[in-house]
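Observations on the model geometry
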Amino acid sequence: MQRFEGKTVLVTGGSSGIGLATAVAYAHEGAQVIITGRDDATLANAAATIGNNVVTIKADSQSLADAKALAQALSARQLRLDAVFINAGIAKFAGLSDVTEDFFDSTFGINVKGPFFQIQALAPLLNRGASIVLNGSINARIGMPNTAIYAASKAALVSLAKTLSAELLPQGVRVNVVSPGPIATPLYGKLGIDADTLNTVAEQIRSQIPLGRFGTSEELASTVLHLSAPESAFIVGTEIIVDGGMSQL
């Protein structure tokens, strides 16, 4: 299918993992793809993977200045958007007694403040009928120890999808959330734990997934594209959970 032929889409944090898989999926269906990331080399590698008709823009997802600069860069290129996947985020975990103010502020700065002000900056560039998809998490729905701050930040995105949809509907723009469960991405290698411990944790998580495996970035990307396409035009302010049944069964 070529559901995005002639469309322009933006994926924040699109240089690796779920973001890159989604950018590739958009490109395969005909979209002009714009991705953001913080590292020039990683962005260049991602662009090579995505192929033709891709624009890379260096941006820090928690920087309000970068959020405005991104919108200005798109406007300067006379680009308007038909879909936005707000994917850039951070996953750090700590128990109640170990959470610091910096830890709290960093998590909410990247996962909540960044997406809100990025959408604010991009709103004038959204075409009528455009779709925004926020990357949430099933942690917002389950009481997993050591995830209080991360889970709260993702719960905030579910709320934003509802309130921002209400505000943007007159503009013809929908906002929804895709909430992944355990997805096999490079994120798990960035948690600061050794390989043996990581494998043990992965096994513990896998045992809680009814399907018996981690999801793939491509599986999540297919849901993002569904929420971005005209076929989902009646889905507004909604959360779709992609977790192999982990939070449902």
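Right, let's walk through the structure included here. (Residues numbered from 1 in each chain as written. Predicted model: local features only at pLDDT ≥ 70, side-chain atom pairs only at ≥ 80, totals over all residues. Heavy atoms only, no water.)

Before going further, it helps to spend a moment on helix H1 (residues 17-28). Relative to the 16 Å expected for twelve residues at 1.5 Å per residue, H1 spans 17 Å between its end C-alpha atoms, a close match to the ideal helical length. The buried fraction of H1 is high, at eleven of twelve residues. All buried positions along H1 are accounted for by Gly 17, Ile 18, Gly 19, Leu 20, Ala 21, Thr 22, Ala 23, Val 24, Ala 25, Tyr 26 and Ala 27. Contacts from the buried residues of H1 go to strand E1 (8-12), strand E2 (32-37), helix H2 (40-50), strand E4 (81-86), strand E5 (126-135) and helix H7 (217-228). One or two positions beyond H1, positive phi appears at Gly 30, with a value near 100°. (Helix = DSSP H or I, 4+ residues; strand = E, 2+ residues; numbered from the N terminus. Expected span 1.5 Å × (residues − 1). Buried < 20%, exposed > 50% of the residue type's maximum accessible area, 1.4 Å probe, protein only. Contact = heavy atoms within 4.5 Å.)

Okay, the nonpolar core next. The biggest cluster of nonpolar side chains holds 32 residues, and the ones touching the most others in it are Ile 34, Leu 74, Leu 81, Val 84, Leu 122, Ile 132 and Leu 134. Broken down by secondary-structure element, the contributors of at least two residues to this core are strand E3 (54-58), helix H3 (64-76), E4, helix H4 (101-122), E5, helix H5 (148-168) and strand E6 (174-180). The biggest single contributor to this core is H5, with seven residues. Each residue touching Ile 132, except ones within four places of it in the same chain, is listed here: Val 84, Ile 86, Ile 119, Leu 126, Leu 168, Val 173, Arg 174, Val 175 and Asn 176. (Core = buried A, V, L, I, M, F, W, Y, C linked by side-chain atoms within 4.5 Å.)

In this section: unusual backbone geometry. The phi angle at Gln 78 is positive, at roughly 60°, despite the residue not being glycine. Relative to the elements of secondary structure, Gln 78 occurs in the loop between H3 and E4. Even without being glycine, Asn 146 reaches a positive phi, approximately 75°. Here Asn 146 shows up in the loop between E5 and H5.

This next bit is on the environment of Ala 65. Inspection of the secondary structure assignment puts Ala 65 in helix H3. Take Ala 65: its relative accessible area is 52%, and that puts it in the exposed class. Between the alpha carbons of Ala 65 and Val 54 there is a distance of 23 Å; along the sequence they are eleven residues apart.

A word on the pairing of E2. A large share of E2 lies buried, amounting to five of its six residues. Both E1 and E2 contribute to a ladder of four bridges, which runs parallel. Paired with Val 9 across the two strands is Val 33, which belongs to E2. Strand direction decides the pairing type here: E2 and E3, joined by five bridges, are parallel. In the strand pairing of E3, Val 33 is matched with Val 54. Following the chain from E2 across H2 to the adjacent parallel E3, one finds a crossover that is right-handed. (Pairing = 2+ DSSP bridges. Right-handed = clockwise from strand over helix to strand, strands pointing away.)

For any pair of aromatic rings, geometry is given as the distance between the ring centres together with the angle between the planes. Within this structure, the stated rule accounts for four aromatic pairs. Seen from their ring centres, Phe 104 and Phe 108 are 4.8 Å apart, and the 10° between their planes marks the pair as stacked. With a gap of four residues between them, Phe 104 and Phe 108 both fall in helix H4, about one helical turn apart. A ring pair is formed by Phe 116 and Phe 117, whose centres lie 5.2 Å apart and whose planes are at 85°; its orientation type is edge-to-face. We classify Phe 116 as partly exposed; its relative accessible area is 31%. (Phe/Tyr/Trp six-rings, centres within 6.5 Å; stacked < 30°, edge-to-face > 60°.)

Right, let's talk about the pattern of salt bridges for a bit. Under the counting rule described, the total for this entry stands at six salt bridges. The salt bridge involving Lys 58 is made with Asp 40; its shortest N-O contact spans 3.6 Å. In this pair, Lys 58 sits in strand E3 while Asp 40 sits in helix H2, placing the two residues 18 residues apart along the sequence. Close ionic contact of Arg 206 with Glu 203 constitutes a salt bridge, the shortest N to O distance being 2.3 Å. One end of the pair, Arg 206, and the other, Glu 203, are both in helix H6 (residues 195-206), three residues apart, so they sit about a helical turn from each other. Assessed through its relative accessible area of 28%, Arg 206 is described here as partly exposed. (Salt bridge = Lys/Arg side-chain N within 4 Å of Asp/Glu carboxyl O.)

Two numbers describe how H3 lies on H4: the axes approach to 9 Å, and their chain directions differ by 30°. Put simply, H3 runs roughly parallel to H4. For the element pair H3 and H4, the recorded crossing hand is right-handed. Contacts between H3 and H4 pair Leu 64, Ala 67, Lys 68, Leu 70, Ala 71 and Leu 74 from the former with Lys 113, Phe 117, Gln 118, Ala 121 and Leu 122 from the latter. Across the contact of H3 with H4, the residue classes tally to eight nonpolar, one polar and two charged. (Axes fitted to C-alpha atoms, helices over the stretch in contact; angles between N-to-C directions. Parallel < 35°, antiparallel > 145°, perpendicular 65-115°, else oblique. Left-handed = near helix turned anticlockwise from the far one by under 90°. Nonpolar A, V, L, I, M, F, W, Y, C, P; charged D, E, K, R; others polar.)

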